[in-house]
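Residues per chain are reported as follows:
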Amino acid sequence: MKVAINTGGGDAPGLNAAIRAATLAALKRGWEVLGIKNGYGSIYTDEPFIKLDARAVQGITLQGGTILGTANRGNPFEMPCKKDDGSWGTKDVSDHLVQTFEEHGIDALIAIGGDGSMNIASRLIKKGINIVGVPKTIDNDIYGCDITLGFDTAIDIATEAIDRITTTAESHQRLMVVEVMGRYAGWIALYAGIASSADVVLIPEIPFSYESIVEKIKERESRGRHYTMIVVAEGAKEQDGELVTKGKAVGQEVQLGGIAERVADELSERTGKESRSVVLGHLQRGGSPSTYDRLISLRFGAAAVRCIQERDFNKLVVLQDNKLKRIPITSIANKMKSVSLDSDTVQTARDIGICLGD
Ligand code: F6P
């Protein structure tokens, strides 16, 4: 048996642990393992693969990033390429990918990725590639998964950062707006916001109104609390408003960012209070994974190999109700796990007085 491993989309803490567990579990069964370099981005190069042996994965559980490299512009169905006129376009290189797999005798692919990677996987399955998926994204928004690898570390980092910003907000009696990742789902903002005792949490699932935030600020001022901590997901938007974006490169999703600055300016204008904004950005994706992320990544990686051994292909290994399960990859394509507005976590936020902007 020859297995390839791919990491696609944005990196997340725990990717290396998943690669290590999958590699060791495969080697234990006498299989060969190849890592695909840079998502699918190197598929046209002379050396698209790295041989993964025990030495290659030694000591990587605690390392951030991915030893394979990854790419947000590596969709084989829409690979960015320069056209004859010098402009950029995309082309479908999926047949070349399938051919490369055949030439190298690859029997199965472990695709470690987020929603984008699982959409790609669904299409590759139709081209005959045997795939097992491992759910990764700090955004925690993959449908059918209670938790994705990378999320736990991201919320730890965000919580610590918000804690630190809170002390300076209080000293200066400012409004502080902290932007965290979360394109279409507010898991990071909600979890880190509650854990760090933020006063306002704005998530994509609940379009916000400035009136509601100003009311919260005034209520705090009336109690002698002359600072307010606002956590905003990058994908949050005002009621009837638009996503705040920074443009779009060819073959890539639109880049979000800037909502914190906009909210900080608007609130300053409306309250007369001084405000500052901070974007945590890729800090949330970098560095060593938490204990939980190491463990869940190792469990996912090893489970993917057991799935292949049973020839139970085209499944995503997931955690549901604290048990590892398998669900069809095609069943989650183009779906997303949003924060449920009647969940106890949202209720908790409301019960302890956090303003959710509605
Ligand atoms: O999907 C994960 C994510 O962290 C999003 O929250 C964010 O919008 C995106 O990646 C940013 O990716 P990059 O800047 O690396 O392209």
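It should be emphasised that the depicted structure is a prediction, and the values quoted were computed from it without experimental measurement.

A short note on the pattern of salt bridges
So, point 1. Inspection of every chain in the model, using the stated rule, returns 16 salt bridges.
So, point 2. Asp 312 is the partner of Lys 315 in a salt bridge, and the nearest nitrogen-oxygen pair spans 2.7 Å.
So, point 3. Connected through shared salt-bridge partners, Glu 310, Asp 312, Lys 315 and Arg 326 make up one network.

Here's the deal with the UniProt feature "binding site: Mg(2+)" (unreviewed entry) in the protein chain
So, point 1. In the UniProt entry, the feature "binding site: Mg(2+)" (unreviewed entry) is given for Asp 115.
So, point 2. Relative to the assigned elements, Asp 115 resides in helix α3 (residues 115–126).
So, point 3. In this structure Asp 115 comes out as partly exposed when scored by relative accessible area, which is 28%.

With respect to the pairing of strand β5 (residues 88–91)
So, point 1. Inspection of the sheet shows strand β4 (residues 79–82) paired to β5 by 4 bridges, in the antiparallel sense. Residue pairing for β5: Met 79 is matched across the bridge by Lys 91.
So, point 2. In this structure, the hairpin formed by β4 and β5 is closed by a connection of 5 residues, where Gly 86 is found at a positive phi of approximately 90°.

A look at the site of the ligand
So, point 1. The environment of the ligand is formed by Asn 72, Ile 138, Asp 139, Met 181, Gly 182, Arg 183, Glu 234, His 282 and Arg 285.
So, point 2. Asn 72 places a side-chain nitrogen or oxygen 2.6 Å from an oxygen atom of the ligand.
So, point 3. The separation between an oxygen atom of the ligand and a polar side-chain atom of Glu 234 is 2.7 Å.
So, point 4. For the ligand, whose free accessible area comes to 400 Å², the fraction covered by protein is 79%.

Digging into the side chain of Ser 117
So, point 1. Among the structural elements, Ser 117 can be located in helix α3.
So, point 2. For Ser 117, a relative accessible area of 10% puts it in the buried group.

Some remarks on the pairing of strand β6 (residues 108–113)
So, point 1. The buried count for β6 comes to 6 of 6 residues, which makes it a mostly enclosed element.
So, point 2. Where burial is concerned, the two faces of β6 agree: the one with Ala 108, Ile 110 and Ile 112 and the one with Leu 109, Ala 111 and Gly 113 are both buried.
So, point 3. In this sheet, β6 lies alongside strand β1 (residues 2–7) in parallel orientation, the contact comprising 5 bridges. Bridge pairing in β6 places Asn 6 opposite Ala 111.

Description of the sheet that holds strand β3 (residues 49–51)
So, point 1. As summarised here, the arrangement of the 7 strands in space is β3-β2-β1-β6-β7-β12-β13, forming an open sheet in which the pairing is mixed. In this open sheet, the two edge strands, each paired with only one partner strand, are β3 and β13 (323–328). Ignoring which end each strand starts from, the neighbouring axes of this sheet average 30° apart.
So, point 2. Relative to β13, strand β12 (residues 315–320) is paired through 6 bridges, and the arrangement is antiparallel. What sits directly across from Gln 320, in β13, is Lys 323.

With respect to the nonpolar core
So, point 1. Membership of the largest hydrophobic core comes to 66 residues, with the highest contact counts inside it found for Ile 5, Ile 110, Ile 112, Leu 149, Ile 188, Leu 190 and Val 201.
So, point 2. Of the residues forming this core, the biggest block, 8 residues, is contributed by helix α4 (residues 151–172).
So, point 3. The residue makeup of this core includes at least three contributed by each of domain 1 (2–149 + 289–320) and domain 2 (153–285 + 340–352).
So, point 4. Beyond its immediate sequence surroundings of up to four residues, Leu 190 is in contact with Val 201, Ile 203, Val 339, Thr 345, Val 346, Ala 349 and Leu 356.
So, point 5. If you look at the next biggest cluster of nonpolar residues, it comprises 29 residues, including Leu 34, Ile 120, Ala 121 and Ile 142.

With respect to the domain arrangement of the protein chain
So, point 1. Taken domain by domain, the protein chain consists of domain 1 (2–149 + 289–320) and domain 2 (153–285 + 340–352).
So, point 2. A separation of 32 Å is found between the C-alpha centroids of domain 1 and domain 2.
So, point 3. Across the interface of domain 1 and domain 2, roughly 1400 Å² is buried in total on both sides, 53% from carbon and sulfur atoms.
So, point 4. On the domain 1 side of the contact with domain 2, Arg 73, Ile 138 and Asp 139 bury the most area, a combined 39% of that side's loss.
So, point 5. Applying the counting rule to domain 1 against domain 2 returns 1 salt bridge.
So, point 6. Between Asp 11 and Arg 285 there is a salt bridge; the shortest N-O distance is 2.9 Å.

Procedures and definitions
Residues numbered from 1 in each chain as written. Predicted model: local features only at pLDDT ≥ 70, side-chain atom pairs only at ≥ 80, totals over all residues. Heavy atoms only, no water. Salt bridge = Lys/Arg side-chain N within 4 Å of Asp/Glu carboxyl O. UniProt positions renumbered as here; feature names shortened; annotations may be inferred. Helix = DSSP H or I, 4+ residues; strand = E, 2+ residues; numbered from the N terminus. Buried < 20%, exposed > 50% of the residue type's maximum accessible area, 1.4 Å probe, protein only. Pairing = 2+ DSSP bridges. Near = heavy atom within 4 Å. Polar contact = N/O pair within 3.5 Å; in protein donor to acceptor, adjacent residues only side chain to side chain. Areas by Shrake-Rupley, 256 points an atom, 1.4 Å probe, with all protein chains shown as cover. Axes fitted to C-alpha atoms, helices over the stretch in contact; angles between N-to-C directions. Core = buried A, V, L, I, M, F, W, Y, C linked by side-chain atoms within 4.5 Å. Domains from an automatic or database assignment. Contact = heavy atoms within 4.5 Å. Buried area = accessible area lost by both parts, 1.4 Å probe.

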